[in-house]
Amino acid sequence: WRGSSIKQLTVKKDKSYRSSNFFRSSIRGIKRSYRIIDLYRDDHLGIPGIVYRIEYDPNRSSFISLLVYKNNICTYVLCPSSVSLGDVFVNYLSVPMFFNVGDCFISKKIPVGSIIHNLEVQCGEGGKYIRSAGSYGMVFKKLNLLNTCIIQLRSGFRKVVSLDCRATLGMVSNQDKWMTFFG
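Parameters at a glance
- Residues numbered from 1 in each chain as written.
- Predicted model: local features only at pLDDT ≥ 70, side-chain atom pairs only at ≥ 80, totals over all residues.
- Heavy atoms only, no water.
- Phe/Tyr/Trp six-rings, centres within 6.5 Å; stacked < 30°, edge-to-face > 60°.
- Helix = DSSP H or I, 4+ residues; strand = E, 2+ residues; numbered from the N terminus.
- Lys NZ or Arg CZ within 6 Å of the ring centre and 35° of its normal.
- Pairing = 2+ DSSP bridges.
- Axes fitted to C-alpha atoms, helices over the stretch in contact; angles between N-to-C directions.
- Core = buried A, V, L, I, M, F, W, Y, C linked by side-chain atoms within 4.5 Å.
- Buried < 20%, exposed > 50% of the residue type's maximum accessible area, 1.4 Å probe, protein only.
- Contact = heavy atoms within 4.5 Å.

Observations concerning the packing of aromatic side chains
Then step 1. Enumeration according to the criterion identifies 2 aromatic pairs in this entry.
Then step 2. A centroid spacing of 5.2 Å and a plane angle of 10° characterise the contact between Tyr92 and Phe105, whose relative ring orientation is stacked. With a gap of 13 residues between them, Tyr92 in the loop between β6 (88–89) and β7 (104–106) and Phe105 in strand β7 connect regions that are remote in the sequence.
Then step 3. One aromatic cluster is present, formed by Tyr92, Phe99 and Phe105 through successive ring pairs.
Then step 4. One residue, Arg158, lies across the ring of Phe140, its end atom 3.8 Å from the ring centre.

In structure tokens:
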């Protein structure tokens, strides 16, 4: 989807600069609208959201998907790979019977060995890690006595986070971004 975005979920972003050519100066730049992404995923706990469309975002390397929840609230989220239109995303507090790509959990509920993205570092601050195109992390080990979880990133680096931090299942979309050739 390369059409216009929803106006309530965008803000104006000016990326302008001033250039001077001898005694004349001009302001150049690109006028873009910044899409507000829901990185917290805690406002709609237990309410299923349906993927209405998958959009290109000029401000980030991955695609974003528009979710429409059952209470008619729309949000943008990072789009995991292997997601199509009509898929259902849910933000859980409890353990479901099936784990689906795109569902958001606290780290305590995610099984060891699962592929995740959009990882919180501090509880309640929103996703800070694993958000670019094609990136992923794996739940490596859980230490219940210390209330921590070890996440192995794609680079092999291991990050220690609390078991109460949230993460989303799946790998971020547009994993072939690095193969794009400009020029």
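Considering the sheet that holds strand β13 (residues 158–162)
Then step 1. Spatially, β7-β14-β8-β11-β12-β13 is the arrangement adopted by the 6 strands of the open sheet, whose pairing is antiparallel. Unpaired on one side and paired on the other, β7 and β13 mark the two borders of the sheet. Averaged over neighbouring strand pairs, the angle between their axes works out to 45° when direction is ignored.

Thoughts on the nonpolar core
Then step 1. Ile110, Ile116, Leu119, Val139, Cys149, Ile151 and Val161 are the most contacted members of the largest nonpolar core, which has 14 residues in total.
Then step 2. When contributions to this core are tallied by element, the ones reaching two or more residues are β12 (148–153) and β14 (166–169).
Then step 3. Residue contacts for Val161: discarding those within four places in its chain leaves Leu119, Glu120, Val121, Asn147, Thr148, Cys149 and Ile151.

Read these as layout, nothing more, since geometry by itself doesn't imply function.
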